[in-house]
Each structure stands twice: as structure tokens, then as C-alpha cells.
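# Analysis of the macromolecular model
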Amino acid sequence: MNKLDISIIGVPTDYGQARRGVDMGPSAIRYAGVVERLEAIGHKVQDLGDIRVSQTLKNAAVDEKLLNLEEVIDVSTALANNVHAVLEQKRFPLVFGGDHSIAIGTLAGLGEHYKNLGVIWYDAHADLNTPETTPSGNIHGMPLAVSIGLGHERLVRIRDFAPKIKPENVIIIGARSVDPGERELIRQQGIKVYTMHEIDRLGMTRVMEDALAYLKERNVDGLHLSLDLDGLDPLYTPGVGTPVPGGITYRESHLAMEMLQESGMLTSAEFVEVNPILDEKNTTANVAVALMGSLFGETLV
Ligand SMILES: NC(=[NH2+])NCCC[C@H](N)C(=O)O
Ligand SMILES: [Mn+2]
Ligand SMILES: [Mn+2]
């Protein structure tokens, strides 16, 4: 197994949605022992600490379709710069949220280095809303759209280039709550989606085999995993702000992580939406860290 130089970046923000507490995600994940766990596998881990997230709201006009826009722009820009710097040092970026709006910053930091980046979006949701289609105004429902170049100009153009990724290089896994506008975008943009239906029908083995083969065929030059803990069934990860029943199991998720590890393709990852306030005894952060164990090379025997 490839031993990595991993740099951890925490992003303690809850500005992408309306439920408080998800800003404590990075602490909960650290408390669950992530650094020790990755070191035990043999990786070198540098924890860069948390990005500074201002606790004071800017005095901006409130846009009902883009809640906390100014704050999300600030956090995304800072995160993008940090991810960019980690890549310049040839290290592996591992990002902890925070709500899923942080993916805007992560992908903005990755997009300059990888011209043909593959993205696996492990999530109950598609996160493909735009200000025109959003049912909530929450930016954590928009990061994938923003990254393919659709949405508010200032989000789309973070670090002054767009789009960050190609829609044909994106694979969503675990979807079971997709809004009408998102459904249209999926068709229109040719985004590959394995919903719960395909996971039930084909099994996770086949889904991951197909997903990885598809990305290989597209000759991706890097692979980013954006894992929203609500991709799993809330039975396993209750500490999330937008739980949807009927999700991916704990074992299926380990299998998916193991197959990603075996592929040798992974070049960055982020784990988002851990909300310790909604959790039960840090279960969700513990699951996140257990999955990172498999993703980074732990085996059962
Ligand atoms: N990252 C997430 N948990 N996103 C949930 C999004 C929910 C819904 N589709 C919305 O746009 O508001
Ligand atoms: Mn989600
Ligand atoms: Mn999400």
C-alpha cells in the first residue's frame, strides 16, 4: 500500500445550511481519533488545524436563495487557498467539514492542479441546486452545481477560474433525495448517478467496479472523494442535518472505501456534515473515522 503524506484541514463552518452545530464537525472527527488511526496504518499525518471562520455575520443584504452568501464565499476562498498550498507541497489533502458547502472551496483548490479530476460524490442528495432551483436557499445543496460552473457567479469563480470539474467526470453514489431541478441537470449534464435503486439492485461491489472503470476510461488525472455522512442510512450516522431514510449501510460503505483504496486512484478526500449536536455519543464522527480507516488502507486481518 502507498504510504501518504496527509495534510488535514478542518473547516468549522455551518453557513451552508440552517442547523447550528455542524461547525463542530472537525473537532468531533479529531476527537474520534483520526490522526492516530491514519498514523497506525503507516501514513505521515500533519494536522494543519482549522481554517478561521468568522463568527460575525457580514452586514450584507439577505438573499433568500443564497443564505450567508458572503460568509460562504469567504470560507470557500480560504479553503481553496489552503488546499492549493497542500497540493503545491505534493501532500494529500484531507478536509473535514463543516457542511457540504465547503466542497466549493475544496474543488476550487483541486481544480487548478487536476485538469481532468474525477469526483465521487457519496451522498443522499445530488447537491446540484442553483439559486433558481433551490427549495431551501441553503448553499450546501449547491456545491456540485457550482463546481461544474452553474450558480452564483462569485461562487463559481472562486480562485478566478471556472468550471472546476467536468460534469462527465462526476459520479454520485447513494442518491435518494433529488429535487426536480437537480433531476433535470443530471440528464442535461450527463452526470452519472448510482441511486439507492442501483445499489440495491447491483450491489455495492458492482457499483464501485463500474464507477471506477468509468473514471479510468475517462483517463482522470486525480480522484476526489466527497463523502457526506448522510449518504449512509441515518441508523448508522444519526448526527447529520438532513437525514434521509433508506440509505447505504455501514458494511456497504466500508466496502466502497476498501475498493477506492484498492484502486490506487484516490488523490484527495473530504468528510462533511458531521453534526455532534444532533449525534448520539459521537457515533457519526466515529463512523467517519472508521471509514477513513478503510479508505486509507486498514484491512481486517
Ligand atoms: N449537503 C447536503 N446535506 N445537502 C442537502 C440538500 C437538501 C436539498 N436538496 C436542498 O437543496 O436544500
Ligand atoms: Mn447530503
Ligand atoms: Mn451533500
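Conventions used here
What you see as residue numbers is a count from 1 along each chain, following the sequence as written. Starting at A for chains and at 1 for ligands, labels are handed out in the order in which the entities are written. Local features in this predicted model are restricted to residues whose pLDDT is 70 or higher, and side-chain atom pairs enter the listing and the counts only when it is 80 or higher, whereas totals over whole chains, interfaces and linings include all residues. Excluded from the side-chain calculation are hydrogens and water; included are all heavy atoms of the structure. UniProt positions are given in the numbering used here, feature names are shortened, and annotations may be inferred rather than shown by experiment. The way it works is that DSSP assigns letters per residue, a run of H or I at least four long becomes a helix, a run of E at least two long becomes a strand, and they are numbered from the N terminus. The atom set for the radius of gyration is the C-alpha atoms, and the globule formula is 2.2 Å times the number of residues raised to the power 0.38. Any residue under 20% of the maximum accessible area for its type is buried, any over 50% is exposed, and the rest in between are partly exposed; the area is computed with a 1.4 Å probe on protein chains only. Only the protein chains shown count as covering a residue, and every accessible area follows the Shrake-Rupley method with a 1.4 Å probe. His is not counted, nor are the chain ends, whereas Lys and Arg count as positive and Asp and Glu as negative. Charge positions are represented by NZ for Lys, CZ for Arg, CG for Asp and CD for Glu. Salt bridge, as applied in this entry: a Lys or Arg side-chain nitrogen positioned within 4 Å of an Asp or Glu carboxyl oxygen. Expected helix span is taken as 1.5 Å per residue step, with the number of steps being one fewer than the number of residues. Contacts: residue pairs with any heavy atoms within 4.5 Å of one another. Nonpolar cores were defined as sets of buried Ala, Val, Leu, Ile, Met, Phe, Trp, Tyr and Cys residues, with membership established by side-chain atoms within 4.5 Å. A cavity here means a set of points on a 1 Å grid, drawn over the protein atoms and nothing else, where a 1.4 Å probe fits but cannot get out; a pocket is an open set with protein on both sides within 12 Å along at least five of seven lines, and a residue lines either one if it has an atom within 4 Å of a point. Grid points are joined across faces, edges and corners, and a volume is the space filled by probe spheres set on the points. Three classes are used, and their members are as follows: Ala, Val, Leu, Ile, Met, Phe, Trp, Tyr, Cys and Pro are nonpolar, Asp, Glu, Lys and Arg are charged, and the others, Gly among them, are polar. Atoms of type N, O and S within 2.8 Å of a metal are treated as its donors, and for Na, K and Ca the window is 3.2 Å; water is not considered, so some sites may appear to be missing partners.

Identification of the protein chain as Arginase from Lysinibacillus pakistanensis is taken from an unreviewed UniProt entry. Regarding the protein chain, the relevant UniProt record gives this comment under Pathway (unreviewed entry): "Nitrogen metabolism; urea cycle; L-ornithine and urea from L-arginine: step 1/1." According to UniProt, the comment filed for the protein chain under the heading Sequence similarities (unreviewed entry) is "Belongs to the arginase family."

## Quick notes on the overall build of the protein chain
Across its full length, the protein chain carries 10 helices and 8 strands. Against the 2.2 N^0.38 benchmark of 19 Å for 301 residues, the protein chain shows a C-alpha radius of gyration of 17 Å, consistent with a compact globule. Burial analysis of the protein chain (301 residues in total) assigns 59% to the buried set. Working note: accessible area of the protein chain is about 12,300 Å², and carbon and sulfur atoms make up 49% of it. One way to put it: in the protein chain the 27 positive side-chain charges average out to a point 4 Å from where the 41 negative ones average out.

## So, the pattern of salt bridges
The final tally for this structure, using the stated rule, is 9 salt bridges. For the salt bridge of Arg-37 with Glu-298, the shortest nitrogen-to-oxygen distance reads 2.5 Å. Of this pair, Arg-37 sits in helix H2 (residues 34-41) while Glu-298 sits in the segment after helix H10 (283-295), and the two are 261 residues apart along the sequence. Judged by its relative accessible area of 29%, Arg-37 falls in the partly exposed class. Judged by its relative accessible area of 26%, Glu-298 falls in the partly exposed class. For the salt bridge of Lys-58 with Asp-74, the shortest nitrogen-to-oxygen distance reads 2.7 Å. In this pair, Lys-58 is assigned in the loop between strand E2 (44-50) and helix H3 (69-88) and Asp-74 in helix H3, connecting sequence segments 16 residues apart. Under the relative-accessibility criterion, Lys-58 is labelled partly exposed at 43%. Under the relative-accessibility criterion, Asp-74 is labelled partly exposed at 38%. Put simply, Arg-30, Asp-47 and Asp-50 are held in one network by salt bridges that share partners.

## Notes on H10
Under the 1.5 Å per step criterion, the end-to-end length of H10 is 18 Å for 13 residues, consistent within 8% with the ideal 18 Å. Among the 13 residues of H10, 11 are classified as buried, and the element is accordingly described as predominantly covered. Of all the residues in H10, the buried ones are Thr-284, Ala-285, Val-287, Ala-288, Val-289, Ala-290, Leu-291, Met-292, Gly-293, Ser-294 and Leu-295. Contacts from the buried residues of H10 go to helix H1 (25-31), H2, strand E3 (92-97), strand E7 (222-228), helix H9 (250-263) and strand E8 (268-272). Count one or two residues on from H10 and you reach Gly-297, which has phi positive near 115°.

## Topic: the nonpolar core
Proteins that are soluble and globular tend to have nonpolar side chains buried together. With 52 residues, the main nonpolar core has Leu-94, Tyr-122, Ile-173, Leu-225, Phe-271 and Phe-296 as its most contacted residues. Element by element, the count of residues in this core is highest for helix H8 (residues 196-217), at 8 residues. Once residues within four sequence positions are removed from consideration, Tyr-122 is found in contact with Ile-173, Met-204, Leu-225, Ser-226, Leu-227, Asp-228, Leu-232, Ile-248, Glu-252, Ser-253, Ala-256 and Met-257. Counting 45 residues, the second largest nonpolar core, distinct from the first, contains Leu-66, Val-86, Leu-110 and Ala-175.

## Concerning empty space enclosed by the protein
Rolled over the atoms, a probe sized like a water molecule indicates the empty space that remains. Applying the stated criterion across every chain yields a total of 1 cavity of 30 Å³ or more. The class makeup of the residues in the lining of the largest cavity is 3 nonpolar, 2 polar and 3 charged.

## As for the coordination of the manganese ion (ligand 3)
Those donors, His-100 (ND1), Asp-123 (OD), Asp-127 (OD) and Asp-228 (OD), are the protein atoms that reach the manganese ion (ligand 3), and they lie 2.0 to 2.2 Å from it. All donors to the manganese ion (ligand 3) come from one chain, and their sequence spacing reads H-x22-D-x3-D-x100-D.

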